[in-house]
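Understanding the architecture of this molecule
For reference, the chains in residue letters:
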Amino acid sequence: MTERIQEIVAGLPELKDVTGVWAVADERVARGDAAFAADLGVALARAYGQAEPLPWQYRSVFDHLLRLLATTAGPGNVAGAVRLVSSPEAADRKRDRYAASLLASCRRQEELAVAFSGHASEELRACLVHELVLRGVAVDEEPGIARWAMSPHWRYHPLGWLPLTLSGMEDGADLPSYSLGGSSHTMPYGPLEARPYRQTGGARIPSAAEVTTPQRAAGLSSAVANWAEESNGVIEARVFEFAGPLDAGAVPAALLTLGLESLAGAGRKKAALSVAACPPAQAWRVLFAAASTGGAYNSGSQGAYGRLATWQSLAALAGVADGAGAAEVEARVPECAWFGFGARTDWFEQVAWDVGLAALSPDGRRLAVLAATDTD
């Protein structure tokens, strides 16, 4: 550890402003000294990474160092970022997810091969693989990555269930863009970019029985669970079975008969129900944004775990049996009729984070509904 790093580590808790430390690191990395930034981050993690609570100065400087190394082009910068998050004192699964999103967004796949050959956690590697898949990278064609991604040893990792190529419904994922100063992403909530669905006038609505179980509700809610767990979100996830086939054109009317809390009072003039046919790709896009970027007060699960949660919600909405493989989910989803819905009810916060999705099984006898809302 250099004397300058020792000075920064020792004086960090007393700082009222850490921009001076940022400037030192920025200048060293600009001169090609990635090792300084990585060494400083590791030293700070050793000193403060296990403190309760974590000093704000440490959180701010460590995040800046990681962003600096991940977003700045230069020899050794990617290796420095990997070393920074892989040090024992800084090890954290949530940070691995964040680091993988940063690196995949900002660096070429050939640069990222270092994460699969040197010292790095399996979590960081697994997340990197699927962050790259989301960006259209053929991970099986990049030798430095394929050797790990195609190996059988990580098949039992939660992310090992996901396919290593994008399905048709995953085209056009809203992925964040990063810079040293921050990040940005789109929010595909609110009115769906979907084709209006003509309601069948006078269509018979068979009697319905609710068949929601805690397990089914959890599956449906996978993509929006972080809204309730880490923000102010509220979720309604329910499944209904009909005594006879429900015509797709009668779904708007049927939604008003199911006693949904999210649609209480809907159908009246001031709370008109809005329902539209929703292509599976749009449903995927909405769920992925909810899972990966989070709600009003959290940052979500990032791309890799956001992708997993989205597949889990889609599988549950489509009625795919637990334990099924990704291929079965991919085949089943387009067979269902998908709808987006919303209404100006008291349940929906109508701030920026509102989701309403329903999936009707191919035989018309099962309707799964997921609604979520969050507010700041």
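Given the structure is predicted, the values throughout are model-derived calculations rather than measurements.

Our next topic: the nonpolar core. Formed by 102 residues in total, the largest nonpolar core has its most connected members in Leu 40, Leu 44, Leu 128, Val 129, Leu 159 and Trp 338. Sort the elements by how many residues they give to this core and helix α13 (residues 302-318) lands first, with 10 residues. Beyond its immediate stretch of four places on either side in the chain, Leu 128 contacts Ala 100, Leu 103, Ala 104, Leu 112, Ala 115 and Phe 116. Listed in part, the 23 residues of the second largest apolar core include Phe 242, Ala 250, Phe 341 and Ala 343.

Enumeration over the complete set of coordinates arrives at 17 salt bridges. One salt bridge in this structure joins Arg 108 and Glu 110, with 2.9 Å as the shortest N-O distance. A residue is classified by how much of its surface remains accessible, and Glu 110, at 40% relative accessible area, is partly exposed. For the salt bridge of Arg 238 with Glu 210, the shortest nitrogen-to-oxygen distance reads 2.8 Å. With a gap of 28 residues between them, Arg 238 in strand β4 (residues 234-242) and Glu 210 in strand β3 (residues 208-210) connect regions that are remote in the sequence. A relative accessible area of 41% means that Glu 210 is categorised as partly exposed.

Turning to the state of the cysteines, a few remarks are in order. Summed over all chains, the structure comprises 0 disulfides. A disulfide-free cysteine, Cys 278 has its sulfur positioned 12 Å from the sulfur of Cys 336, the nearest such atom. By relative accessible area, which is 3% here, Cys 278 ends up buried. Here Cys 336 falls in the buried class, since its relative accessible area comes to 8%.

So, on to the confidence of the model for the protein chain. When pLDDT is averaged along the protein chain, the result is 91, and 95% of the positions lie at 70 or above. Across residues 191-197 the pLDDT falls below 50, and counting only partners more than four positions away or on other chains, this stretch makes 21 contacts in the model.

What follows covers the layout of surface pockets. Size it by volume and the largest pocket reaches roughly 740 Å³. What lines the largest pocket is a set of 36 residues, among which Asp 63, Lys 94, Tyr 98, Ser 299 and Gln 302 lie closest to the centre. Elements supplying a minimum of two residues to the lining of the largest pocket: α4 (56-71), α6 (93-106), α12 (280-293) and α13. The element best represented in the lining of the largest pocket is α4, accounting for 6 residues. The residue makeup of the lining of the largest pocket, split by class, is 15 nonpolar, 13 polar and 8 charged.

About the thresholds
- Residues numbered from 1 in each chain as written.
- Predicted model: local features only at pLDDT ≥ 70, side-chain atom pairs only at ≥ 80, totals over all residues.
- Heavy atoms only, no water.
- Core = buried A, V, L, I, M, F, W, Y, C linked by side-chain atoms within 4.5 Å.
- Buried < 20%, exposed > 50% of the residue type's maximum accessible area, 1.4 Å probe, protein only.
- Helix = DSSP H or I, 4+ residues; strand = E, 2+ residues; numbered from the N terminus.
- Contact = heavy atoms within 4.5 Å.
- Salt bridge = Lys/Arg side-chain N within 4 Å of Asp/Glu carboxyl O.
- Disulfide = S-S within 2.5 Å.
- pLDDT = per-residue confidence, 0-100.
- 1 Å grid on protein atoms, 1.4 Å probe; cavity = no way out; pocket = protein on both sides within 12 Å on 5 of 7 lines; lining within 4 Å.
- Points joined across faces, edges and corners; volume = space filled by probe spheres on them.
- Nonpolar A, V, L, I, M, F, W, Y, C, P; charged D, E, K, R; others polar.

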